[in-house]
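Analysis of the macromolecular model
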Amino acid sequence: MGSLWKWGVVAAVAALAALALMTSVCPVKYVEPSGQPFGGAGDVAFAESLWEVMDGYLDWPMQSDVLVGGTPHGALVRLYYNTLQIDGRNFHVVAKDNFGGEDATIESVAASPGDYLGAVTVMVQREPGYDPDNANWYWVKYLPDGSLDINPAGIQLAGRVAKGAESGCIACHLKAENADYLFSNDP
Ligand code: HEC
């Protein structure tokens, strides 16, 4: 599975580079109905559709083994990649199961992942104009039952999380190499 994942990432990165090019050539004005960078009605509705089409993601062919993760996602993680159709459009989707728990080891998590799953964090490459400042990535954090996690202010973590803030998905993923917001393809 490890090498499959690598190939997937190579393909995804090539496709994403093409998308980034399109973004600069034909910008589409995206207007979030509520005007919020994240947690607005449009972003929450997208999260709900996404969770529905992600049904069965544990069986996606393109997935990694259980890996040691970096902060803040959990001691152990598993990555998944697919392209999915939402509202008639195709999107690149990178999902990540985040595992924790006192006795979590690579072996125990691999044997019964459901006992250790803390959250599912997902990045979706959205249409041009969604968030041109940040490569049009859409960010979402689900709890294991598919409900949306919230920040201390009670705002649901779905959308451009947390655009303009010093910490959060965007601020941290900005540190990934090649400005693609992805850590898994960094050397
Ligand atoms: C403080 C830094 C930090 C924050 C905040 C953060 N991440 Fe990450 N993220 C990482 C690191 C480091 C990795 C790679 C290591 C790992 O898998 O744990 C990663 C990996 C990922 C991946 C796998 C794709 C990849 O290779 O980058 C996804 C999907 C993801 N994060 C989603 C999110 C979402 C959604 C949020 C916000 C709810 C978020 N992350 C917040 C640091 C961060």
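Above this note sits the structure.
Here's what I pulled together on the structure shown here. Since we're looking at a predicted model, the values are computed, not measured.

**Things to note about the overall build of the chain**
Looking only at helices and strands, one finds four helices and six strands in the chain. Helices (α) and strands (β) of the chain occur, in sequence order from the N terminus, as α-α-β-β-β-α-β-β-β-α. Counting every position in the chain, which comprises 187 residues, the buried fraction comes to 32%. Counting contacts in the chain only where the partners sit at least 6 residues apart, residues at least 24 apart contribute 52% of the total.

**Overview of the nonpolar core**
Formed by 34 residues in total, the largest nonpolar core has its most connected members in Leu50, Ala95, Val122, Tyr138, Trp139, Val140 and Val161. Contributing elements (two or more residues each) for this core: α2 (41-53), β2 (76-86), β3 (89-99), β4 (117-125), β5 (137-142) and α4 (169-173). If we ignore the near neighbours within four places in the chain, the residues touching Leu50 are Ile86, Val122, Val124 and Val140.

**Concerning the pairing of β2**
Across two bridges, the pairing between strand β1 (residues 67-68) and β2 is antiparallel. Along β2, the bridge assignment pairs Leu67 with Val77. The turn linking β2 back onto β3 is made up of two residues, and Asp87 within it adopts a positive phi angle of 50°.

**Concerning the site of the ligand**
Near the ligand there are 23 residues, and of these Gly69, Cys169, Cys172, Phe183 and Ser184 occur at the shortest range. Elements with a contribution of two residues or more to the shell around the ligand: β2, β3, β4, β5 and α4. Looking at the shell around the ligand, its residues break down into 14 nonpolar, seven polar and two charged.

**Thoughts on the sheet that holds β5**
Strands sit in the order β1-β2-β3-β4-β5-β6 across an open sheet of six strands; the sheet is antiparallel. Unpaired on one side and paired on the other, β1 and β6 (158-159) mark the two borders of the sheet. Note that β2 and β3 share 11 bridges and pair antiparallel. Following the sheet pairing, Leu84 is matched in β3 by Phe91. On top of the sheet, α2 reaches β2, β4, β5 and β6; it is set at about 100° to β2, its chief contact.

Thresholds applied
Residues numbered from 1 in each chain as written. Predicted model: local features only at pLDDT ≥ 70, side-chain atom pairs only at ≥ 80, totals over all residues. Helix = DSSP H or I, 4+ residues; strand = E, 2+ residues; numbered from the N terminus. Buried ≥ 20, exposed ≤ 12 C-beta atoms within 10 Å, placed from the backbone. Contact = placed C-beta atoms within 7 Å. Core = buried A, V, L, I, M, F, W, Y, C linked by C-beta atoms within 7 Å. Pairing = 2+ DSSP bridges. Near = placed C-beta within 6 Å. Nonpolar A, V, L, I, M, F, W, Y, C, P; charged D, E, K, R; others polar. Axes fitted to C-alpha atoms, helices over the stretch in contact; angles between N-to-C directions.

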